[in-house]
Each structure stands twice: as structure tokens, then as C-alpha cells.
Amino acid sequence: MKFFVINPPPWFPNMPYLSVPLLTGMLKKRNISVVQRDINVFFFRNLLTSKELVFQIRERKRIKKKATKKEELLFELENYFADNVEKHLKTIKCETNLNLLNDLFSELDLMLKVFSLNYPDIELSLGKIYFKKDPSSDYVNYITSNNFFNYYISKYEIDILKKKEPDIIAFSITTFEQLIFSLTYIIVVRKKIKREIKFLFGGNYITKCYHNEGKLDMCLDLVDFIIIEDFESSIDFFISALQGEIDFSLVPNLFCKNDINGNKNLPQIIKNTSISKALPDFEGIEFDKYFLNKTILPYELSRGCYWGQCKFCEVCVKKYAEKTPANIVLDIKFLSKKYNVQYFSFVSSSPSPLLLRKVAVLLKNENIKWISFLRPESYIDKEFANDLFNGGCRFVLVGIESPIQRILDEMNKGLNVCETLKVLNNLKASGIHIHAYFMLNFTKETNKDKEKIRSYFSDNQKLFDSVSFTSFVNKDHAYKANISSNTKLSSFENILNSIHTTVKTDENYFNLNLLILNKLQYEQF
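Residues numbered from 1 in each chain as written. Predicted model: local features only at pLDDT ≥ 70, side-chain atom pairs only at ≥ 80, totals over all residues. Heavy atoms only, no water.

Comments concerning the nonpolar core
Part 1: If you look at the biggest cluster of nonpolar residues, it comprises 129 residues, and the most contacted ones within it are Phe148, Tyr185, Phe201 and Phe464.
Part 2: Top contributing element to this core by residue count: helix H9 (residues 176-192), with nine residues.
Part 3: Not counting residues within four places of it along the chain, the set of residues in contact with Tyr185 comprises Phe4, Ile6, Ile39, Ile153, Glu157, Leu161, Ile169, Phe171 and Phe199. (Core = buried A, V, L, I, M, F, W, Y, C linked by side-chain atoms within 4.5 Å. Buried < 20%, exposed > 50% of the residue type's maximum accessible area, 1.4 Å probe, protein only. Helix = DSSP H or I, 4+ residues; strand = E, 2+ residues; numbered from the N terminus. Contact = heavy atoms within 4.5 Å.)

Structural notes on the sheet that holds strand E12 (residues 343-346)
Part 1: Taken in spatial order, the six strands of this open sheet run E9-E12-E13-E14-E15-E16, and their pairing is parallel. With one partner strand each, in any of the chains shown, strand E9 (296-299) and strand E16 (466-471) form the two edges of the open sheet. Within the sheet, the average angular offset between the axes of one strand and its neighbour, ignoring direction, is 15°.
Part 2: Relative to E16, strand E15 (residues 433-440) is paired through six bridges, and the arrangement is parallel. (Pairing = 2+ DSSP bridges. Axes fitted to C-alpha atoms, helices over the stretch in contact; angles between N-to-C directions.)

Notes on the pattern of salt bridges
Part 1: Taken as a whole, this structure holds 25 salt bridges when the rule is applied.
Part 2: The residue Asp224 makes a salt bridge to Arg190 at a minimum N-O spacing of 3.1 Å. Placement of Asp224 in the loop between helix H11 (217-220) and strand E7 (225-227) and of Arg190 in helix H9 is noted, with a sequence separation of 34 residues between them.
Part 3: Relative accessible area serves as the criterion here: at 10%, Asp224 is assigned to the buried category.
Part 4: By relative accessible area, which is 36% here, Arg190 ends up partly exposed.
Part 5: One salt bridge in this structure joins Glu401 and Lys413, with 3.1 Å as the shortest N-O distance. A residue pair is termed long-range when its members are at least 10 positions apart, and Glu401 in strand E14 (residues 393-401) and Lys413 in the loop between helix H16 (405-411) and helix H17 (417-430) qualify at twelve residues.
Part 6: Because the salt bridges share partners, they merge into one network encompassing Arg190, Glu196, Lys198 and Asp224. (Salt bridge = Lys/Arg side-chain N within 4 Å of Asp/Glu carboxyl O.)

Remarks on the side chain of Ser182
Part 1: On the secondary structure map, Ser182 appears in helix H9.
Part 2: The contact partners of Ser182, leaving out residues within four places of it in the chain, are Pro8, Phe171, Ile173 and Phe201.

Quick notes on the pairing of strand E1 (residues 2-6)
Part 1: In terms of burial, E1 is largely enclosed, as four of its five residues are buried.
Part 2: In this structure, E1 lies alongside strand E2 (residues 33-37), joined through five bridges in parallel fashion. Bridge pairing links Ile6 to Arg37 in E2.

Looking at the packing of aromatic side chains
We describe a pair of aromatic rings using the distance from one ring centre to the other and the angle between the two ring planes.
Part 1: Going through the model one piece at a time under the given rule, you end up with 42 aromatic pairs.
Part 2: When the ring of Phe238 is compared with that of Phe248, the centres are 6.4 Å apart and the planes differ by 50°; the resulting orientation is tilted. You can see Phe238 sitting in helix H12 (residues 235-242) and its partner Phe248 sitting in the loop between H12 and strand E8 (254-256), a full ten residues away along the chain.
Part 3: Looking at Phe238, the relative accessible area reads 0%, which means it is buried.
Part 4: Positioned above the aromatic ring of Trp307 is the side chain of Arg375, whose terminal nitrogen or guanidinium carbon lies 4.3 Å from the ring centre. (Phe/Tyr/Trp six-rings, centres within 6.5 Å; stacked < 30°, edge-to-face > 60°. Lys NZ or Arg CZ within 6 Å of the ring centre and 35° of its normal.)

Quick look at the confidence of the model for the protein chain
Part 1: Here the protein chain averages 84 in pLDDT, and 86% of its residues register 70 or above.
Part 2: Counting contacts from residues 259-263, a segment whose pLDDT is below 50, to residues more than four positions away or on other chains yields three contacts. (pLDDT = per-residue confidence, 0-100.)

Side note on the sheet that holds E1
Part 1: Taken in spatial order, the six strands of this open sheet run E2-E1-E5-E6-E7-E8, and their pairing is mixed. Looking at strand neighbours, the two that pair on one side only are E2 and E8, the edges of this open sheet. Adjacent strand axes in the sheet meet at a mean angle of 20°, parallel and antiparallel pairs treated alike.

The structure is reproduced here in C-alpha cells:
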């Protein structure tokens, strides 16, 4: 029995997505043959080649149809794209000048617009695909059509899959767009490969589909197995069922097609309240393909949110659990040595600052640098911030949400505006860089509120190395709103090496020049 574990596009091509190497590690620990592939990073690598870009432009020119002004612009840039795309990709692996990096990433985004010439229903950028018409309303027709994903999979992935010869292909799905890619992948594979292959879906988005919509019919028509919640709760049962030792109906959190009459299982749902102790296995991941000048490994040190009371957030429904500081440091040092990596991203949603401090103290003098989410608790004084920095913390992502105390209180954020500013100043003074998240429209901002926000950024802009905004929709879709902000590429190297930048503001309330780590982005609200 051989697994092929996949991270589908589109996602940010900055580092491996943790769930894939985690699942790989769990399977290997149980002596299951497994190969992993981050299709996402190859997706952008394969598209951003002179051969592919020129093919797309000339294919559109071949069609006898009047070109729009945008299309004519892309036609004119054909030679420039062909001459420079590979150069740009090489340069971003070594360039440290932020202004030049901004230009390079902006041009790569422009090059990706070429794929709209022959597939006008989509628009690509690094880490994202925009569907001009929502495919969910008629997804069967969409995934069985000659859509863009069909083109890509047929051209670039089928031959690779034939060489792997897996029995089960497992997808970790985080977004709706990844779901559409994965369903299209199944259609193409079943059409072009005759040997029997089973398909397994899992991931945050799949679990969310189940809890928010109460059904997975969109997937179960095509997918053999769907596991919701944490895979670790089901893996031993699932493997036993695959080996014929137990019935699939006994596997918790598993939905599957019934082999006899096509009925769907209704499994026992178990929510894992503990944090996985499994170590991610990155064997086979081609680190040099990522759009960064250093290799960064993701690592999970906690789950859920230790505060867990914000009215807008879905993370709070998950019970908080964390690894011990000693075990975290053992894992980090092991992974650092095994993969010769100095940089880590702690991908936990809301780890306790107290846990981060304990980890930092144990990592002091280890020459390991890291980035993490951080709740700006009032107890983070100068000594606390210095401990974080001395223990390798170089960048924190802070959910400030609003500089208006009334709005924070309505959110039940549990923060004080004045105390938060003190914390931010302490972090900045220690040498730690700050990315701040803000949320608009949780409650209707008055003109007076808007003026306070203008003043807040005018007075404090030097505190922030980057910012992003989200617009609150409603409590049922808050998370969707949060992940929709245009934070595309998280390239940390210049942040980790303490290169300072500032956020500029102009006279317009929502117009900000945003530095997103190595990528300057412009967002209009």
C-alpha cells in the first residue's frame, strides 16, 4: 500500500504546508510507504517559464478574435516576459533590496495574467486564483470541462503520477480554490490512468464544510474517503480498515462510499482536544523551489486559542492545547540539524506568550530564528520582549483589530488600546518586527472613529513593518473574511536579518502602502 500525499494549489509558495509533512511523518511511523509532493510550488514554477508564457500568448494570438486593450498589452510584453521570467525567479532567491523585490514580485504577478488570455474565467496571482464566476453553483460541469486546472494537471502532473504508482492519493485542502483543483485532479486522473487509485480528502476546509454546511456531497460523489477533524484521531483505524482488519464504518471521522450499494457512511465524530506529538517529515520536499532566499520550516507548538473569547473568531471553538517547552525545543533542534535549517515559522493560531517566552529562553544562543503569532498581553514588558528576541524571535504577527477601545470591547478582545501600544513599543525596541492585523466593519465606524484611526496610524506608523486589513462580514463567516486579505508571499529573510521599513499613509482613510514581509502590496478598501 503506497500513499501519495499532495498539497494542491493555489497557496503561497513560500514554504511547505505543514499538514502534508505531518501526515507523511505519521504514515512513515506506521511503516506505510509514502511519497509527498507540494504541487503548489511546482504549479507556479511551471507556469512562470518563458516557454509556457510564450505558448499562452501565441495560442491566444492564433485565435481569430479581437483582442481587448489588456490582451494587447500582454501581447506587447511577450518578448520581455520571455527574456526575464527566469531571471526574476533567480533574483528573488538572492536579492535583499525590498524595493527591487517589490518590482520583481509585481512583474511575476503581471506575467501570471497571461493565463487569462486562454482561460478568461480565471485570474492568477502568486498564491491565488480568482474565479470570475463562482464554479460552486455548477461544479460538476466546471471540473469536467477543459478548465485551466485540467490543462495544468494534464500537461504537468499526469506523467509524474504515473511514475509514482500510488494506491491512495491524499489531499490536504485549505481553501475552496484548492478543493476545485483537487476535484479536477480526480477527474483527469480517472480519465488518463486506468489502474485503480483511491482518493482521500482532509484538511481545514473539508472540516469546515462539514460543520458549516452539514454535508460533503460535493466531494463524496467523487472521493473515496473523507476524513474530517484531526487525521491523527483516525489514522490507526483507517489503516486497519485499508488492510481489511476492521470495517470502514468503525473508523472515526471518516466518510466514504459504501463498496456495495453506494451509500455514505455516517461516522462517529471525534474532536481531538490534544496537540499532535508527531514530527513532520520533509523528505522529498524540494526546498530550493520555494520563492524565498532561505529555507523556512513550519512548526506547530499549540492548537486553538488560549484566550478563546473573541466574538468574531472561529479558532476559539477549539480547545487550547500546547506542547511542553522542552519538547518544542527538542523538536526544533532536531529538525534544524536534520534539514540544515535555521529559520522556523510557528504556525499556531494563538500560542500563549508565556509559552513563547519559555521556548525563547531555551533557544537562547542556538542561532535559530523564528516568526510567530503573538497576542499583545499587557505583561509583555521590556524584559519579556528582550527574552523573545534573544531566543530567536524576529517577527510577530499581532491581531490588534482596532485602535478604538469601544470596538475592542464589543469584540470581547480583552485588550486595552493604551497597554497594547506599550507592548508594541517594547517589542519594537527589542528588535522584533511587527505585522499588524486590523479588522474593519465589526461595528459601524463613525466619522469620529475614522479620525481616531487616521491619527493612530499617523502617530504610530513606525511601529509596524507591515499591516493588513480585513472586513468583517458576520460571525458565521468571520474566518473567511480574515483569510481573504491579500497577504500573498511571506518571505522572511530580510525581516529576520533586521531590515527596517515603515508603513506610509496618505490622505485617504483606507489607502495604505503595505509591506508584506518581502512583498510590497497595495490594497484598496
